[in-house]
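Notes for the structure review
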Amino acid sequence: MQALATNQMVNVDVIKGAVAEKIDAAGFTSWIAPIAFEIENSVLNCGVQNQFSFNYINAAYGNVLRNVAESFGLALNVYVAGTKRSASVATVANDNNTQSFAPSVAPEANNVVAFDSFVATDDNVFVLSACKKIAAGAASFSPLYIHGAAGCGKSLLAGCVKNASTGRVIMMNGGQFVSDFTRSLHDRTVFAFKDYCRNCDTFILDDVQSLAGKKATMDEFLQLVMDLKAAGKNVVLTANAAPNNLTGFDRRAQSLLASGLVADVAAPNAHVKSVLLRRAGVAADVANELAARIANDGHLVAGVATKIKTYSELMGANVDMDVASRLLADTLQRAKTPLAMVKNMCEKLGVSYEAVCGTGRSRNLVLARQTMMAVLKGATGLSLAEIGNYVGGRDHATVLYAVRQIEKQKANDLLLAAQIQQLISECR
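Residues numbered from 1 in each chain as written. Predicted model: local features only at pLDDT ≥ 70, side-chain atom pairs only at ≥ 80, totals over all residues. Heavy atoms only, no water.

1. Some points on the overall build of the protein chain
Each helix and strand counted, the protein chain has 20 helices and 8 strands in total. Counting only residues that meet the buried cut, the protein chain has 46% of its 428 residues in that class. Restricting the contact set of the protein chain to residue pairs at least 6 apart, pairs at least 24 apart contribute 70%. (Helix = DSSP H or I, 4+ residues; strand = E, 2+ residues; numbered from the N terminus. Buried < 20%, exposed > 50% of the residue type's maximum accessible area, 1.4 Å probe, protein only. Contact = heavy atoms within 4.5 Å.)

2. Some words on the sheet that holds strand β2 (residues 43–48)
Taking strand neighbours across the sheet as the criterion, the 3 strands line up as β1-β2-β3 in an open arrangement whose pairing is mixed. Whereas interior strands pair on both sides, the edge strands pair on one side only; in this sheet they are β1 (36–40) and β3 (75–80). Adjacent strand axes in the sheet meet at a mean angle of 25 degrees, parallel and antiparallel pairs treated alike. As paired elements, β2 and β3 share 6 bridges and run parallel to each other. Pairing of Leu44 across the sheet is with Leu76, part of β3. Seen against the sheet, helix α4 (residues 51–71) touches β1, β2 and β3 and runs at an angle of roughly 170 degrees to β3. (Pairing = 2+ DSSP bridges. Axes fitted to C-alpha atoms, helices over the stretch in contact; angles between N-to-C directions.)

3. Considerations on the confidence of the model for the protein chain
Across the protein chain, the average pLDDT comes to 84, with 90% of residues at or above 70. Per-element confidence in the protein chain is highest for strand β6 (residues 202–206), whose mean pLDDT is 95, and lowest for helix α1 (residues 2–8), whose mean pLDDT is 43. Every residue in residues 1–9 scores below 50 in pLDDT, and together they form 14 contacts with partners more than four places removed in sequence or on other chains. Every residue in residues 87–97 is under pLDDT 50, and counting partners more than four places away or in other chains gives 29 contacts. (pLDDT = per-residue confidence, 0-100.)

4. Looking at the pairing of β6
Counting buried positions over the 5 residues of β6 gives 5, a clear majority of the element. A two-sided burial pattern is seen for β6, the buried positions comprising Thr202, Ile204 and Asp206 on one face and Phe203 and Leu205 on the other. Of the pairings in the sheet, the one linking strand β5 (residues 169–173) to β6 comprises 5 bridges and is parallel in character. From the neighbouring strand, Val169 faces β6, where its bridge partner is Thr202. Across 4 bridges, β6 lies against strand β7 (residues 234–239) in parallel orientation. Note that in β7 the partner of Thr202 across the bridge is Asn234. At this point the chain moves from β6, through helix α9 (residues 215–230), to the parallel β7, and the crossover so formed is right-handed. (Right-handed = clockwise from strand over helix to strand, strands pointing away.)

5. Considering unusual backbone geometry
The residue after Ser142, namely Pro143, is reached through a cis peptide bond having omega 5 degrees. Structurally, Pro143 can be placed in the loop between α5 (125–135) and β4 (144–147). With a phi angle near 55 degrees, Asn41 is a residue other than glycine that sits in the positive phi range. Relative to the helices and strands, Asn41 is located in the loop between β1 and β2. Classification of Asn41 by relative accessible area gives exposed; the value is 68%. Even without glycine at this site, Asp207 takes up a positive phi of about 65 degrees.

6. Examining the sheet that holds β7
Spatial ordering of the open sheet is given by β5-β6-β7-β4-β8, a layout of 5 strands whose pairing is parallel. Only two strands of the sheet have a single neighbouring strand rather than two, namely β5 and β8 (261–264). Neighbour to neighbour, the strand axes of the sheet diverge by 15 degrees on average, direction disregarded. By the bridge criterion, 4 bridges tie β4 to β8 in an arrangement that is parallel. Bridge assignment links Leu144 to a residue of β8, and that residue is Leu261. Contacts between α5 and the sheet are confined to β4, β7 and β8, with β8 contributing the most and set at about 135 degrees to the helix.

7. Observations regarding the pairing of β2
Burial analysis of β2 places 5 of its 6 residues in the buried class, the great majority of the element. One ladder, built from 5 bridges, connects β1 with β2; its direction is antiparallel. Looking across to β2, one finds that Phe37 is bridged to Cys46. Taken together, β1 and the strand that follows it, β2, pair antiparallel across an intervening segment of 2 residues, in which Asn41 is found at a positive phi of about 55 degrees. You can see the chain leave β2, run along α4 and come back into β3, and the turn it takes is right-handed.

8. Focus on helix α6 (residues 154–164)
One full turn of an α-helix is made of 3.6 residues, so residues set three or four places apart face in the same direction. Along α6, the positions that sit buried rather than exposed are Lys154, Leu157, Ala158, Gly159, Cys160 and Val161. On its buried face, α6 sits against α5, β4, β5, β6 and β7.

9. Side note on the environment of Gly175
Tracing the backbone through its elements, the reader meets Gly175 in helix α7 (residues 174–186). What makes Gly175 partly exposed here is its relative accessible area of 38%. Spatially, the C-alpha atom of Gly175 lies 9.7 Å from that of Leu205, the residues being 30 residues apart in sequence.

10. Overview of the nonpolar core
Ranked by internal contacts, the top residues of the largest apolar core, which has 55 residues, are Val19, Phe177, Phe203, Leu205 and Phe221. Ranked by residues supplied to this core, first place goes to α4 with 7 residues. Excluding residues within four positions of it along the chain, Val19 makes contact with Phe28, Ile32, Val64, Leu65 and Val68. Of all hydrophobic cores here, the second largest spans 27 residues; its members include Met341, Val342, Met373 and Ala374. (Core = buried A, V, L, I, M, F, W, Y, C linked by side-chain atoms within 4.5 Å.)

Pasting the structure below:
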């Protein structure tokens, strides 16, 4: 046995290869690859970075590591880096200070929002109730996946969940997660990053779509969601499209994101926009009239309110509709262009403009694309070829086929027929 160890175990890369053959690629990349392997006196020493990693690796991969070590005639010793090595893996001193990690963006202590700040409508009662339940710790679903167009209130709801939840809450946006994970790889503090993200009761990631196309970060994120879900922790995610319509996400990722509760947020209607403006101090009559002429985007509504409030403070005068029209001439809606119609329908139908113009063939995406072609045919005087140009450069035959398919479906689907009629009315 000793001879076997001497001959085969000089190269630790051989051991890593043997372990890689026995576990999935994501688990190997996230947990095994960063381990410091070393062979000493017929013992395979595996140095991990902190106590959390030690506990998880022993629970999830301890048997695999032990079997591989024994196949090469070695004993196994998993230990936390910085502690005294021991032949026993039963107990290891807690040394979470071996590595430290701090997020690149510190939490904003003064940015406290409550659920009352979200103006509820009949369309959004379901998602609001789901957010309140998960914040109360009474939810049986995780992850809660919230999707909707820009400015519909996804980030606001995520912030409400953060402030209403008990225990430790971590909230990041997708860009920050990518940046922090990349920095942890560069600084060799990836285990501390893993520990930081998992040491919470509720994890919230805003703008999940920012992870598209970043494979290493995506693998780490998916492993994080699975670990938190298995530990019974709450996970809240927001994105600009439903899981199966996210571009740059493979089927495995889409399936995991849809494994909890998926809820959409409707864009603010005229009532919501009017309430938001009045809350910001805009006169009621002005708010009601502006609400009908501002796009269904909460960010835009906030910008309008800020501009009116600032003008009133600087000029010392109340803002009536004439003044507001002059101030907001670049913001108030005019006649819609076909491109604006398509992008507005993307928001209504819960798909991204890039996906509509792409080559995706999922059922929901194809239906949305065909619906848009049919609406443009009914609401504009565009030719079939011109319509095709606005939905990704399709030829006139494709558009004609799409319109005919929609006409057939409308005959048997009254909801689809009503939806298309509403979209046509909005585009005219």
